[in-house]
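# Inside the fold
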Amino acid sequence: MPADTDTSAIHVRDATRDDLDALVALSQKTFTDKFGHLYKPEDLQAFLDTEHSLSTYRTALAAPRTLVRVAETPEGSLGAYLVCGPLTLPAEEAADGAVELKRIYVDAPLQGRGLGRHFIDEAFAWARRQEAPEMYLSVFSENDGARRLYERVGFEKIGEFLFPVGEHRDLEFLMRCRLE
């Protein structure tokens with residue numbers, strides 16, 4: 001695991017079981033803040049209930065090849081998080097051992113402090129320790145800022161797929177970064 005870091009009074013560390021409630025709340029808040037306006041309430045709630053649930057994060061924390069990191073404010077609240085793990089995206093020609101950068105979310109008050117880039121660097125370091133030949137991620141097709149950031153750090157768009165949010169389907173870009 002990466003060493004604990006303290007940058008600008010934000011403490012980045014491994015998530016623990018004690019963080020579960022706060023992590024679920026942060027994950028639901030940040031997803032809703034960024035994308036909630038795109039969906040019917042019932043689609044958004046269905047997605048949050050499955051993909052941003054207590055069981056989702058409990059499983060991630062217990063999984064041996066999964067990285068869950070959080071950024072904690074000086075007040076002790078969580079303000080950002082990272083999840084990486086085994087590849088589950090529809091990457092048909094992925095190399096054996098490929099991994100996935102599953103989530104990076106930074107709450108609005110902490111944006112612009114370099115936490116997103118910091119978490120990307122941690123994801124790359126983790127993937128290299130896993131001896132992964134490549135890392136994948138998906139990004140909403142209309143999230144231009146995130147896509148540009150991922151391109152700057154070496155990801156390239158290699159495909160598209162439809163991503164379910166309840167009954168709604170979003171166009172997602174599949175991106176890959178070769179690590180070898």
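Structure: see above.
As the structure is a computational prediction, the values presented were derived from the model and not from experiment. (Residues numbered from 1 in each chain as written. Predicted model: local features only at pLDDT ≥ 70, side-chain atom pairs only at ≥ 80, totals over all residues. Heavy atoms only, no water.)

## Side note on the overall build of the protein chain
Threshold: In this description a helix means any DSSP run of H or I spanning at least four residues, a strand means any run of E spanning at least two, and both kinds are numbered starting from the N terminus. In this description the radius of gyration comes from C-alpha coordinates, and the expected globular size is given by 2.2 Å times residues to the power 0.38. Three labels apply to residues, based on accessible area from a 1.4 Å probe with only protein chains included: buried if under 20% of the type maximum, exposed if over 50%, partly exposed otherwise in between. Pairs of residues are marked as contacts when any of their non-hydrogen atoms sit within 4.5 Å. What sets the accessible areas is the Shrake-Rupley method with a 1.4 Å probe; for residues, cover comes only from the shown protein chains. For the purpose of charge, His is not counted, nor are the chain termini; Lys and Arg are scored as positive and Asp and Glu as negative. Taken as the charge location is NZ of Lys, CZ of Arg, CG of Asp or CD of Glu.
Scanning the protein chain from terminus to terminus reveals five helices and eight strands. Along the protein chain, helices (α) and strands (β) appear in the sequence β-β-α-α-α-β-β-β-α-β-α-β-β when read from the amino end. Computed over the C-alpha atoms, the radius of gyration of the protein chain is 16 Å, within 12% of the 16 Å expected from 2.2 N^0.38 for a compact globule of 180 residues. Across its three principal axes, the protein chain shows a C-alpha extent of roughly 45 × 40 × 30 Å. Buried positions account for 48% of the 180 residues belonging to the protein chain. Long-range contacts, defined here as pairs at least 24 residues apart, represent 64% of the contacts in the protein chain between residues at least 6 apart. In the form shown here, the protein chain has an accessible surface area of approximately 9200 Å², with 48% of it arising from carbon and sulfur atoms. A distance of 3 Å separates the average location of the 21 positive side-chain charges in the protein chain from that of its 31 negative side-chain charges.

## What about the nonpolar core?
The condition is simple: Think of a nonpolar core as a cluster: buried Ala, Val, Leu, Ile, Met, Phe, Trp, Tyr and Cys residues, connected wherever their side-chain atoms sit within 4.5 Å.
With 31 residues, the main nonpolar core has Leu82, Leu101, Leu115, Phe124, Met135, Tyr150 and Phe155 as its most contacted residues. Listing elements by their share of this core, those giving two or more residues are strand E2 (10-14), strand E3 (67-72), strand E4 (78-86), strand E5 (99-106), helix H4 (115-129), strand E6 (134-140), helix H5 (144-152) and strand E8 (168-178). Residues contacting tyrosine 150, with those up to four places away along its chain left out, are Ile104, Ile120, Leu137, Val139, Phe155 and Met175. Counting 21 residues, the second-largest nonpolar core is a separate cluster that includes Val24, Tyr57, Val70 and Phe140.

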